[in-house]
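Chain by chain, the residues run as shown.
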Amino acid sequence: MSRSRRLKLQVFRVIVFLVFGAFFLVPIGAMFEFSTRGNTDTAPRTLSAWQTIFQTPDLVAAILASLALAVITSAGMLVLLVPTMIWVRLRLPRLNRVVEFLCLLPLTIPAIVLVAGLAPEYRWLSINVSESILTLAFVYLVLVLPYTYRTLHAGLAAIDVKTLSEAARSLGAGWATVMGRIIVPNMWSALLNAALLSVAVVLGEFTIANLLNYVNLQVAIALLGRANAGVSIAVAVASLMFAFILLVILSFFGRPRARVAQLEADTTLSWGQKT
Amino acid sequence: MTVAAKPLVETAARPVRGGRRFALDWLGAVPFLAYVGVFLLLPTAIVVGGSFVGPNGLTLSNLTAMNKPFIVGAFVNSVVLSAGSAIIGAVLGAVLAYAVVTGNPDGVLRRLVTSACGVLAQFGGVTLAFAFIATIGFEGFITIWLKQHGINIYANGIWLFQLSGLLLVYTYFQIPLMVLVFLPALDGIRPQWREATESLGGATWHYWRYVAGPLLAPAFFGGLLLLFANSFSAYATAAALINQGSIIASLLIANTLTSEVGLAQPGLASALALVMVIVVAIVMVLYTVLQQRTARWLQ
Amino acid sequence: MSGAARRLSILAGALVLLTACGQTTSSSTTSAANAKSAADMGGMAALIAAAKKEGKLNIIAVPPDWANYGEIITGFTAKYGIPIDSANPNGSSQDEVNAVRQLAGTSRAPDVLDIGKAVTLANLDLYAPYKVQTWNDILDNQKESTGLWVQDYGGYMSIGYDSNKVPAVTSLQDLLGSGFQGKVALNGDPTKANAALNGVMMASIANGGSADDISKGVDFFKQLKQKGNFVPVQATTATVKNGTTPVVFDWDYLSAAHGKDVPTWKVFTPSNAILGDYYNQAINKQAPHPAAARLWMEYLYSDDGQNAWLRGLARPVRMAAMQKSGKIDSAAAAKLAPVNGKPTFLTDTQATQAKDYLASHWAQAIG
């Protein structure tokens, strides 16, 4: 890459990150500032709202439930969606639009209306299977479909699935090998982003859990937020930071350093910057 | 000519009609279709079916009540708001994604940005509304700072609590969503292609127009569609900012479903939800057409 | 003993036991789900024992800072050792009824409901009749005759404001002044929320209208909007503290709760428009914990429960009787804002008329 273009790219990146960073971080900063206000205009700053959060025992159970739901939902989504998408892409191309529409449908119906349709099923589940909050994973998997489908689709489109699978099959690989050892390692970025989105959706989901009278993280936060104004905002910021840290940790698990990728990063042909 | 479309190895065409292979192929789609059938299509059918039920049994009155001006107006507002926030979110999201992907793929910055995008894509509701109120509301610190410098951003009305304000607030979660769904597509762009274009004498414009553009267009339009649907059904943030009247379709549905003064009409809410599904289906058709046209145009 | 004789004696013993058990159950009281009063269950002690056996109570849409419910919840659990599961704290009355229908048969369904009048009257088929022990202290027009529902606490519609951020409010017309630019909010949309409907009705009465005519209230808010004084944003504790909604139309006991975030918060009830309303308690006919539900009702209508609501600055339904018996918490009663006039309560017809008018006129006026 020529020096002038590299310079222009660097300037572009700095400006983009500064502008977007400000746009996204300033409102959160405003929330944090509000949560530390005292009771009157002249009262000193206080962290009492934050202390209240850590003194609430009920929050732990809700956090654990939401984390369990996030894991189950992400795993279930990957197991259900990835093979299906690869299979449809290779073998059932006519089903492409159908799958695409089905994966967009959960997003078109507002959650409060979807609950009206889900309630009879969940009543049956509660009576015949289990009352546990983990049954929410069934509907959460459906909720994350729109986001994860789009991510996985972008990842699949970027690799030549047809050629890779034909080559592997002609060498005698079974479908499991094709999917598990050929295609999936080539779409790590998509898989990781899909998992990140799933976890974020589950941790942030409120309406369906609330209307089905389950207590997940967001419902517990809503109850906690009734204490006073400062706590209601402090707990929202805390929930954002909790999800953020969790996702950063998750991102470290999701990126095996494939030798090809390493080679590309090291050569001068790469447009990446080594930090 | 796109690089990805032509397979390197030509194999014999497989039979597409008749034979056990065809039926077996469909088996592969059964788990997904069965699961979605039970947990998505069945509730949707129950909801949609509710739109044909009135206080006295089966009726079409819920659907014929659709052409009231305030209902039509709410849907028009929803479409305008969703299209606007989708386009702005998609363009800005693509820009941010490009800035991220041109960095170190294993670097700290990329991890932080994608994690932040994951969190912010789901951030909404009363707290997002308050975040903006605390920043640029009447008592927001930016508003006050600007007022101290003589600029009154509310001189022409309380735009934050109108459609324009919603548009601004919606971009807060639309942009991160676009980044997450567009990054994998950008990751698929090989740097060698840029070098190849340059070695053939092409400029930056040629690269984007003939190489990267056609490859990224499907993912871009797909992201656009997702952002549209995301904004169309979003409810909690709008309910917090504009708590009076029902200016968009999702607020209208919520109000007809949960009114505690006796104005709840579950049948109408179901009918409205059905119309929402139809609108998004229409948008999806448009998106398909647009994608095919663009692919042809870019070839 | 031979094998056959042993088996016969075991069978005989089992039969004796069974009939003995059968006799105790048949001579005891009705089951909790059918009990119409504590006497039906064999007295308060039996009710408490049955409730403790059930081990849990499900309530819904009961935020702890709503009329001091937090104290009632902790008091109940401390007194009887029964933990309470509080779901959907920000839910509306309609949400409560929806939950009863949608969760019927599960163990998460709400046991008791605290709902507004319109929703109460529209869902009579969901409740179980029950008369608390203090039934006779409650006026006839404040309860359903068989005990399907009974009023619990109420208050008057008021204008709460932060005296630090806006000028003092001494009448409704003050709100049209320039000092209130972009500062006045309703607690919800009147076509959706009971509190907001009563807010507009109070404005109507104070503006020359009456309980039969809500149009003057709609006109008032239209004026407010045109002057730029009305903000459509949802008023929360955060927006009140932050100063975005320093003036809120709300029930006086709910408005008073803002005082803990904003020490300069004041509550004003116009003397020419004292509009009151009570909420209603009902027991879910299919409550998963019927004994606990009935024990909760007894607790709410006992002196302890009623005084707790009083400390939340709401007016408990047994207030007059408790004042006579001297059991009232007089310190709390003294904190209630004095009411200098005769309060108005909307009849069902008036409420229906009001909501119909709002359905066809509110959106245009405020939009």
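Cut-off values and rules
- Position numbers for residues start from 1 in each chain and track the written sequence from start to end.
- A letter from A marks each chain and a number from 1 marks each ligand, given out in the order of writing.
- Local features in a predicted model are, by the rule used here, given only for residues with pLDDT of at least 70; side-chain atom pairs are given and counted only at 80 or more, and totals for whole chains, interfaces and linings are based on all residues.
- Only hydrogens and water are removed before side-chain values are computed, so all heavy atoms of the structure are retained for them.
- The helix count covers DSSP runs of H or I at least four residues long, the strand count covers runs of E at least two residues long, and both are numbered beginning at the N terminus.
- Contacts were defined at the residue level, with two residues in contact if any of their heavy atoms lie within 4.5 Å.
- A pair is scored as a salt bridge if a Lys or Arg side-chain nitrogen falls within 4 Å of a carboxyl oxygen belonging to Asp or Glu.
- N or O atoms closer than or at 3.5 Å make up a polar contact, with two conditions inside protein: a donor-capable atom paired with an acceptor-capable one, and, for residues adjacent in sequence, both atoms drawn from side chains.
- Buried, partly exposed and exposed residues are distinguished by accessible area as a fraction of the type maximum, computed with a 1.4 Å probe on protein chains only: under 20%, between the cut-offs, and over 50%, respectively.
- In this analysis, strands are considered paired if DSSP registers two or more bridges between them.
- Two aromatic rings, drawn from Phe, Tyr or Trp (for Trp, its six-membered ring), form a pair once their centres lie within 6.5 Å of each other, and the interplanar angle then sorts them: stacked below 30 degrees, edge-to-face above 60, tilted otherwise.
- Charges are assigned to positions over rings by a cutoff of 6 Å between ring centre and Lys NZ or Arg CZ, combined with an angular limit of 35 degrees from the ring normal.
- In the cavity and pocket records, a cavity denotes points on a 1 Å grid over the protein atoms alone where a 1.4 Å probe fits but cannot get out, a pocket denotes an open set with protein on both sides within 12 Å along at least 5 of 7 lines, and lining residues are residues with an atom within 4 Å of a point.
- Grid points are joined across faces, edges and corners, and a volume is the space filled by probe spheres set on the points.
- Gly is put with the polar residues, along with every residue not named as nonpolar or charged; the nonpolar set is Ala, Val, Leu, Ile, Met, Phe, Trp, Tyr, Cys and Pro, and the charged set is Asp, Glu, Lys and Arg.
- Each of two parts loses accessible area, computed with a 1.4 Å probe, when they are put together; buried area is these two losses added.
- An arc is given here, and it is the one of the directions from the helix axis to the C-beta atoms.
- Values of pLDDT, the confidence the predictor places in each residue, fall between 0 and 100.
- Whenever a helix is involved, its axis is fitted only over the stretch in contact; in every case the axis is a line through C-alpha atoms, and angles between N-to-C directions fall within 0 to 180 degrees.
- Between 65 and 115 degrees an angle is taken as roughly perpendicular, under 35 as roughly parallel, over 145 as roughly antiparallel, and anywhere else as oblique.
- Crossing handedness follows the turn of the near helix against the far one: under a right angle anticlockwise gives a left-handed crossing, and clockwise gives a right-handed one.

Next up on the list: the side chain of Ser86 of chain C. Considering the arrangement of structural elements, one finds Ser86 of chain C in strand E2 (residues 84-87). Not counting residues within four places of it along the chain, the set of residues in contact with Ser86 of chain C comprises Leu223 of chain A together with Ile59 and Val62 of chain C.

Let us look at unusual backbone geometry. Residue and element names in this part refer to chain C. Phi is positive for Asn68, which is not a glycine, with a value near 65 degrees. One can find Asn68 in the loop between strand E1 (57-60) and helix H3 (69-80). Residue Asn88 is not a glycine yet carries a positive backbone phi of 45 degrees. Relative to the helices and strands, Asn88 resides in the loop between E2 and helix H4 (93-102).

In many reports, interface size means the accessible area that the parts give up when they come together. The partner chain A presents 88 residues to the 102 residues of chain B that form the contact. The tally of links from chain B across to chain A stands at 2 salt bridges. The shortest N-O distance in the salt bridge between Glu198 of chain B and Arg5 of chain A comes to 2.3 Å. Counting the contacts that link chain B with chain A gives 16 residue pairs in polar contact (both at pLDDT 80 or more). Residue contributions to the side of chain B that touches chain A peak at 14 residues, all from helix H2 (residues 30-50) of chain B.

A separate point is the pairing of strand E7 (residues 247-251) of chain C. Residue and element names in this part refer to chain C. Burial analysis of E7 places 5 of its 5 residues in the buried class, which makes it a mostly covered element. Direction of pairing for strand E5 (residues 150-162) relative to E7: antiparallel, over a ladder of 5 bridges. For Ser158, the partnering residue across the bridge sits in E7 and is Asp250.

On to the packing of aromatic side chains. Scanning the model with the defined rule gives 37 aromatic pairs over all chains in all. Taking 4.8 Å as the distance between ring centres and 65 degrees as the angle between the ring planes, the aromatic pair formed by Phe138 of chain B and Tyr154 of chain B counts as edge-to-face. With a gap of 16 residues between them, Phe138 of chain B in the loop between helix H6 (125-136) and helix H7 (141-148) and Tyr154 of chain B in the loop between H7 and helix H8 (163-187) connect regions that are remote in the sequence. The pair Phe138 of chain B / Tyr154 of chain B is uniform in exposure class, with both members buried. Taking the centre distance of 5.8 Å and the plane angle of 75 degrees together, the rings of Phe220 of chain B and Phe221 of chain B count as edge-to-face. For Phe221 of chain B, a relative accessible area of 14% corresponds to the buried category. Through pairs of rings, three or more aromatic residues link up here, namely Phe20, Phe23 and Phe24 of chain A together with Phe123, Phe132 and Tyr172 of chain B. The ring of Phe252 of chain A carries Arg111 of chain B above its face, with NZ or CZ at 4.2 Å from the centroid.

Residue and element names in this part refer to chain C. Looking at the secondary structure, you find Phe268 in strand E8 (residues 265-268). Sequence separation between Phe268 and Glu54 is 214 residues, and the spatial gap between their C-alpha atoms is 44 Å. In contact with Phe268, not counting residues within four places along its chain, are Ser158, Ile159, Tyr161, Val169, Thr170 and Ser171.

Residue and element names in this part refer to chain A. For the structure shown, the criterion picks out 3 cavities of 30 Å³ or more. By volume, the second largest cavity is sized at about 50 Å³. Of all the secondary-structure elements, those providing two or more residues to the lining of the second largest cavity are helix H3 (58-91), helix H4 (96-102) and helix H7 (136-157). Its residues placed into classes, the lining of the second largest cavity shows 5 nonpolar, 2 polar and 1 charged.

Bringing the interface of chain C and chain B into the picture now. Each partner contributes residues to the interface: chain C has 34 residues there, and chain B has 26 residues. With both sides pooled, the region where chain C packs onto chain B buries about 2,600 Å², and carbon together with sulfur makes up 59% of that total. Between Glu139 of chain B and Lys183 of chain C there is a salt bridge, with the nearest N and O atoms lying 4.0 Å from each other. Applying the counting rule to chain C against chain B returns 9 residue pairs in polar contact (both at pLDDT 80 or more). Listing elements by their share of the side of chain C that touches chain B, those giving two or more residues are H4, helix H5 (117-122), helix H6 (194-206), helix H8 (237-242) and helix H14 (348-366) of chain C. Its residues assigned to classes, the side of chain C that touches chain B comprises 14 nonpolar, 14 polar and 6 charged.

The next subject is helix H9 (residues 191-199) of chain B. If you check which residues of H9 of chain B are buried, you get Pro191, Arg194 and Thr197 of chain B. Viewed end-on, H9 of chain B has its buried residues packed into an arc of 120 degrees, placing them on one side of the element. Of the surrounding elements, those touching the buried residues of H9 of chain B are helix H1 (3-35) of chain A together with helix H10 (204-233) of chain B. In the segment just after H9 of chain B, Gly201 of chain B is the residue with positive phi, at about 95 degrees.

Turning our attention to the confidence of the model for chain A. All names here are of chain A. When pLDDT is averaged across chain A, the result is 85; 92% of the residues are at 70 or more. When mean pLDDT is taken per element in chain A, H1 scores highest with 93 and helix H14 (residues 259-266) scores lowest with 42. The model gives residues 257-275 a pLDDT under 50, and that stretch makes 29 contacts with residues more than four places away or in other chains.

All names here are of chain C. Looking at the secondary structure, you find Ala235 in the loop between helix H7 (215-226) and H8. For Ala235, a relative accessible area of 18% translates into the label buried. Taking the C-alpha atoms as reference points, Ala235 and Gln323, 88 residues apart in sequence, are found 35 Å from one another. For Ala235, the residues in contact, after removing those within four places along its chain, are Ala185, Thr245 and Val248.

Look at H3 of chain A against H2 of chain B: their axes get within 9 Å of each other, and the N-to-C directions meet at 130 degrees. Judged by the inter-axis angle, H3 of chain A sits oblique to H2 of chain B. Regarding H3 of chain A and H2 of chain B, the two cross each other, and that crossing is left-handed. Every residue of H2 of chain B that contacts H3 of chain A at Leu80, Leu81 and Thr84 of chain A is listed here: Pro31, Phe32 and Tyr35 of chain B.

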